[in-house]
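Coordinate inspection notes
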Amino acid sequence: MLAIITGTLYPAEGMYKVDLSDVEERLKQYAAALQFISESKKIRRCVFCENSGHIGLMERLKEMAGDKKPIEYLTFTGTYDAVQYGKGYGEGEILKYVWENSRFLREEKEFVKITGRIIIRNIDSIIDKMKPDVNYFNSVRVWTRDAQIDTKFYKVTKEAFEQNFLDAYKNVSDREGRYLEHVYYTAIKKNKLRYRNFPEYPIYEGSSGSLGVSYGSVRWKYILKNILSKLNLYKNI
């Protein structure tokens, strides 16, 4: 399985809702996430792409992350639209850059996408239970009118990504409360994209890039989420 990891090593000044602007701390967290992925038995290769265009920081990250697994590093300077419309818009630009420039992605039929500074402790177990050519998403929350698709981790075929999500980010406006999670939900519903919930609910470690809120659940909440995910009921659609 190919993993695409998105990130921003040096947040642009004025970026809306960025929780951590300490560059050194961000660098450490990205390195830790890449080191964890490098130990995965189910992820064969990885693409790390970031949108600050900071070559020096990228070189430092390569050294810190090590070379246990093939990692393709991509960096570019994102547009001002990412500053104006928010982090989700910037992530969309990153994924489009990967789509157009990644050598690893050209050789694959599907991929998992992971937000850069989080660690998924049970990622190997999840991937092992996934079926090929099936799209996997979970909702942010269930039983809520504010329907959103969780975009920090998902698996998608390249065909589905191109048809549904490649340019969807252009509808994002964080300041207006229209996040990438809303946009993905709308795309899935409009295009009637078939997908399943994860066969095992992800055990997240890390914090939200927008709010600084730590991911993770108390045990009873995780058990409930895991049951709903396994039963394909962790959704609003």
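These remarks concern the structure in this document. (Residues numbered from 1 in each chain as written. Predicted model: local features only at pLDDT ≥ 70, side-chain atom pairs only at ≥ 80, totals over all residues. Heavy atoms only, no water.)

Two elements in contact, helix α1 (residues 23-38) and helix α2 (residues 55-65), have axes separated by 9 Å at closest approach and are oriented at 40°. The orientation of α1 with respect to α2, classified from their angle, is oblique. Classified by chirality, the crossing of α2 by α1 is right-handed. Between α1 and α2, the contacting residues are V23, E24, L27, K28, Y30, A31, L34 and Q35 on the first element and L57, R60, L61, M64 and A65 on the second. Here the contact of α1 with α2 is composed, by residue class, of nine nonpolar, one polar and three charged. (Axes fitted to C-alpha atoms, helices over the stretch in contact; angles between N-to-C directions. Helix = DSSP H or I, 4+ residues; strand = E, 2+ residues; numbered from the N terminus. Parallel < 35°, antiparallel > 145°, perpendicular 65-115°, else oblique. Left-handed = near helix turned anticlockwise from the far one by under 90°. Contact = heavy atoms within 4.5 Å. Nonpolar A, V, L, I, M, F, W, Y, C, P; charged D, E, K, R; others polar.)

Turning to the packing of aromatic side chains, a few remarks are in order. Within this structure, the stated rule accounts for 18 aromatic pairs. Pairing Y89 with Y169 gives two aromatic rings, centres 5.0 Å apart and planes at 80°, and the pair type is edge-to-face. Of this pair, Y89 sits in helix α4 (residues 87-101) while Y169 sits in the loop between α7 (158-164) and α8 (180-191), and the two are 80 residues apart along the sequence. When sorted by exposure, Y89 lands in the same class as Y169, which is buried. An aromatic cluster is present here, built from W99, F111, F137, Y154, F161, F165, Y184 and Y195 joined pairwise through their rings. The ring of F104 carries R45 above its face, with NZ or CZ at 4.2 Å from the centroid. (Phe/Tyr/Trp six-rings, centres within 6.5 Å; stacked < 30°, edge-to-face > 60°. Buried < 20%, exposed > 50% of the residue type's maximum accessible area, 1.4 Å probe, protein only. Lys NZ or Arg CZ within 6 Å of the ring centre and 35° of its normal.)

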